[in-house]
Protein chains: 2
Amino acid sequence: MKIKEFLNKKNNNKDVIVVQGLGFVGAVMSIVVANSSKKDYAVIGVDRKESIEIIDNINNGIFPIKSSDPKIDEYYQKSIKKGNFLATYDTSAYSYASVIIVDINLDVQKNSDSQGNLNSFNVDLNPFKNAIRTIGQNCMEDVLILVETTVPPGTCLKVVKPIIEEELIKRQLSVDKIKIGHSYERVMPGPEYINSIKNFYRVYSGIDENSALATEKFLKTIISTKEYPLTRLVNTNATEMAKVLENSYRAMNIAFAVEWSRYAEEAGVNLYEIVNAIRMRPTHSNLMYPGIGVGGYCLTKDPLLASWAKINHFSSDNNLEQSENGVKINDKMPHYAFDFMKKAFALESITNKKILLLGVSYRSDVGDTRYSPVEPFYLNCVASKAIVETHDPYVQYWEEINLKVSQDLDEKLDMSWDIIVFSAAHSEYKNPKVISKISKMSNVKVLDTLGILNEKDIVELNKNNKVKVLGRGDI
Amino acid sequence: MKIKEFLNKKNNNKDVIVVQGLGFVGAVMSIVVANSSKKDYAVIGVDRKESIEIIDNINNGIFPIKSSDPKIDEYYQKSIKKGNFLATYDTSAYSYASVIIVDINLDVQKNSDSQGNLNSFNVDLNPFKNAIRTIGQNCMEDVLILVETTVPPGTCLKVVKPIIEEELIKRQLSVDKIKIGHSYERVMPGPEYINSIKNFYRVYSGIDENSALATEKFLKTIISTKEYPLTRLVNTNATEMAKVLENSYRAMNIAFAVEWSRYAEEAGVNLYEIVNAIRMRPTHSNLMYPGIGVGGYCLTKDPLLASWAKINHFSSDNNLEQSENGVKINDKMPHYAFDFMKKAFALESITNKKILLLGVSYRSDVGDTRYSPVEPFYLNCVASKAIVETHDPYVQYWEEINLKVSQDLDEKLDMSWDIIVFSAAHSEYKNPKVISKISKMSNVKVLDTLGILNEKDIVELNKNNKVKVLGRGDI
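Report on the accompanying structure. Just so you know, these numbers come straight off a predicted model, no measurement behind them. (Residues numbered from 1 in each chain as written. Chains lettered and ligands numbered in written order. Predicted model: local features only at pLDDT ≥ 70, side-chain atom pairs only at ≥ 80, totals over all residues. Heavy atoms only, no water.)

A few points about the relation of the copies chain A and chain B
Once chain A has been moved 0.0 Å along the axis and rotated by 180°, it coincides with chain B to within an RMSD of 0.0 Å. The transformation just described matches what one would write down for a two-fold rotation axis. Among all residues of chain A, the minimum C-alpha distance to the rotation axis is found for Q322 of chain A, at 3.5 Å. Residue by residue, 100% of the interface of chain A is reproduced at the interface of chain B, so both copies engage with the same surface. (Least-squares fit on C-alpha atoms with pLDDT ≥ 70 in both. Contact = heavy atoms within 4.5 Å.)

Printed below as a string of structure tokens:
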């Protein structure tokens, strides 16, 4: 369907909202906007021509994101019924928009060695700049451009605004009416996917008063702002910084658990027990548990975006030491987990060992494999010539390494293994039947990288086998 | 009064509890034990002969710690009335004890340059070892030694136990009945001083089952364990680690605020506003505000104790990078605040400038100046030949630098100053009269190092003067 046809059909006189980028945020944001209970919008999702499969799927009844949140399908079906959501790569879509929401990626290029040591990194703004330029080449002069992408602080004022103005001037349009807002999402893929957009606190700002007001007005039609009031910050630098600060804090807190997890192993104590004891203090209630590492699109890069911008956008002499270190320590964690496996089971070599990885996504009960810590763990196993198989109830195909992943846990547990690794904390693995099956195997070594096993499980498994848990020096 | 006399007088047949160390923890712990509602104890506080002044004061009706908590005086007066609290340097006190609580200091020796850069550090265990030895030379063979001192993980098993056993053997006593427990306090000097001991969660452990049971039994007579249940950890390594982990976490979180505070100044944003916006997320509710730095006895050294023990007690190859960095970043903060003052007010030199520091203690509404961040700030001012005066409602004499501190705020605010620095967030400074007085001065520069001023104050002060706030790039 062409854009004009779409707009004439059921969407006559509706405000057109264009979402740029149909990834984990943009696709879901699109259906949330299409289902606003406060205003009837026509939503056009724009992605690059290379993403034609996603675009076609959306237009043909197949939503690109699998999720345990039933609301995803519900919202998508409703948008089909209403006929107010179209996907396209046609950039003329921007010319109809009263609001353009920027939900594209902005990546960090990491230069790391095979052990996960981050030697250097760079932020290439060009793909982002090009995407913004396409908006400027097509948009109306009074559009609201709402940037949701996590950007290096300073980007709206130092990058987005000049590009848009440049393009408007080329088109002989006024630069006085353009509105640029920034409001970061706090999307959590998983069972609360939709709620994490619709029913959660939002921080926003604009490059000027008009921009901030327009952003506020629009967000109020999308988000349950009565229950979750909006917070306005003074300028876009502030909201951009808030987003990367938030994620840097979390990344650093995870890195803290990483280094104490090693300590606990050396000192023969159970870090889980310690964390539980300390979490009773309200000031320490977000202390993290040990784990195989950090994955996902945000925590693995946002502190670096922040650090990069500090020097490149604000001419600072110093990087963000503590925040950058968070990323560095976390990046090494899967490699450490791999070494731990060999050491804990006293294995000189894992060549030809049959290893089953239970879970490949970066988060429990989510099918997202982007920057999953299981990836370096898997690659280390393969590099050591182990025979590795993988299972994940939420991942059929592991795109990052082009691997088919099994969904048949029973079948996998009927096979024989040298080592079974719990590498994601999916609910399916917590089923007593799983423990019971593994406990009946003989000579299998069980590595729990994220504390999925409880005390009873461990006793049960240790009858025939050997269990080791990252962050637990007591077993 | 002699110990025997004390024990014969009103304390016949009472269990004798000896508290070793009469500092910020030991002195208050003593009166809490003396006022147990569950058991009638005779309490003897033992300190070194050099602390004779403190000992004499306690025995003569003068409690050594000034506090805003009225319960301190109440508890102390009750113990006088009951006649069940004696202070002494006579180490024979240990021979009467059924429980000996170790509340002495264990210091870290920091080697830092004049800019606060921590070049190296060391932990000298000898004073601690000597104190433990005195116990071994005097105690009964079945005493419970309850270590509350923050120690490098591993200390109870690797240091305390061998020393006590060695001394018992020398005295031809059995080593089988000795009990050693570890339970760390979470004392907070300030208005909740007593509650922070009596009404708060406790973690405990013992070197064996008997030790843990005895520790539990004793703590139950001191702490409101119904409301704040005890948590038992598996061994003393675990509780020792829990304590330093807890404080390392806090120190690291403060260091995080430090580095983002500088960023906020560079980017022209208000970090307070950002922190407030982010703290709405339950996972981020303990995000710290900017400040002049970290002080007090714990956060400035505990991460280093942990890091030291990792290498020296558990033969690790690695220190605790993230936790050590926390201390390093925090140590530099007061120096940064000093540089900020010069830069923010565009002062080439502060020689002969008249500077008033409001607050010298390390914490709001507390008189504790140990490792106060105001100390390096003050010393930097003096080294630059400024004329510095200090005020603090809770500190009459600043022991660390041998300085008389004024308590007369009105008098100080009637004098003329070039710069007034809010260096502690005492309630007295939040009085509108203070702002009103300062706002009437002309040509005074006001530096707020911890966000004590609200927006209204800032507008008011900026009428005649110039205000700068650490962590706020927006003014």
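Digging into the sheet that holds strand β15 (residues 419–422) of chain A
Residues and elements named next belong to chain A. One open sheet accounts for five strands, arranged β12-β11-β15-β16-β17; its pairing is parallel. Two strands in the sheet have a free side with no partner beyond their single neighbour: β12 (387–391) and β17 (466–469). Ignoring which end each strand starts from, the neighbouring axes of this sheet average 15° apart. (Pairing = 2+ DSSP bridges. Helix = DSSP H or I, 4+ residues; strand = E, 2+ residues; numbered from the N terminus. Axes fitted to C-alpha atoms, helices over the stretch in contact; angles between N-to-C directions.)

Points about empty space enclosed by the protein
Rolled over the atoms, a probe with the dimensions of a water molecule shows which regions are left empty. All chains considered together, the criterion is met by two cavities of 30 Å³ or more. The calculated volume of the largest cavity comes to roughly 40 Å³. Along the walls of the largest cavity sit F256, A257, W260, L271, V275, L287 and M288 of chain A together with L245 of chain B, which together make up its complete lining. Elements with a minimum of two residues in the lining of the largest cavity: α9 (236–267) and α10 (271–278) of chain A. For the lining of the largest cavity, the element with the most residues is α9 of chain A, which contributes three residues. Class assignment of the residues belonging to the lining of the largest cavity gives a composition of eight nonpolar, no polar and no charged. Along the walls of the second largest cavity sit Y184, E185, R186, S196, I197, F200, Y201 and R202 of chain A, which together make up its complete lining. For the lining of the second largest cavity, a count of residues per class yields four nonpolar, one polar and three charged. (1 Å grid on protein atoms, 1.4 Å probe; cavity = no way out; pocket = protein on both sides within 12 Å on 5 of 7 lines; lining within 4 Å. Points joined across faces, edges and corners; volume = space filled by probe spheres on them. Nonpolar A, V, L, I, M, F, W, Y, C, P; charged D, E, K, R; others polar.)

Focus: the packing of aromatic side chains
Scanning all chains against the criterion turns up 30 aromatic pairs over all chains. Note on Y336 of chain B and F340 of chain B: the rings are 6.3 Å apart at their centroids and 40° apart in plane angle, and the pair reads as tilted. With Y336 of chain B and F340 of chain B both in helix α12 (residues 321–344) and four residues apart, the pair spans about one turn of that helix. Here the aromatic cluster, defined as three or more aromatic residues joined through ring pairs, consists of Y249 and F314 of chain A together with F256, W260 and Y263 of chain B. Between the NZ or CZ atom of R370 of chain B and the centre of the ring of F24 of chain B, over which it lies, the distance is 3.8 Å. (Phe/Tyr/Trp six-rings, centres within 6.5 Å; stacked < 30°, edge-to-face > 60°. Lys NZ or Arg CZ within 6 Å of the ring centre and 35° of its normal.)

Topic: the interface of chain A and chain B
The interface is formed by 57 residues belonging to chain A together with 57 residues belonging to chain B. Looking at the side of chain A facing chain B, the largest losses of area belong to Y249, Y263 and Q322 of chain A, adding up to 13% of the total buried there. At the junction of chain A with chain B, the criterion picks out four salt bridges. One salt bridge connects K310 of chain A with E266 of chain B, and the closest N-O pair in it is separated by 3.5 Å. Counting across the chain A and chain B interface gives 32 residue pairs in polar contact (both at pLDDT 80 or more). Elements represented by at least two residues in the side of chain A that touches chain B include exactly β10 (231–232), α9, α10, α11 (302–312) and α12 (321–344) of chain A. Counting residues per element, the side of chain A that touches chain B draws most heavily on α9 of chain A, which supplies 20 residues. Here the residues of the side of chain A that touches chain B sort into 33 nonpolar, 14 polar and 10 charged. (Buried area = accessible area lost by both parts, 1.4 Å probe. Salt bridge = Lys/Arg side-chain N within 4 Å of Asp/Glu carboxyl O. Polar contact = N/O pair within 3.5 Å; in protein donor to acceptor, adjacent residues only side chain to side chain.)

Re the sheet that holds strand β3 (residues 85–88) of chain B
Residue and element names in this part refer to chain B. Here we have eight strands laid out as an open sheet, ordered β3-β2-β1-β4-β7-β8-β9-β10, and mixed in their pairing. If you trace the sheet from one side to the other, it starts and ends with β3 and β10 (231–232), each paired once. Pairing of strand β4 (residues 99–102) with strand β7 (residues 144–147) involves four bridges; the strand directions are parallel. Bridge pairing links I101 to L146 in β7. Against the sheet, helix α8 (residues 209–220) engages β1 (15–20), β2 (41–46), β4, β7, β8 (179–183), β9 (203–206) and β10, with an angle of about 145° to β9. Each of β8 and β9 is contacted by helix α9 (residues 236–267), which is oriented at about 150° to β9, the strand it contacts most.

These values are about where atoms sit, not about what they do.
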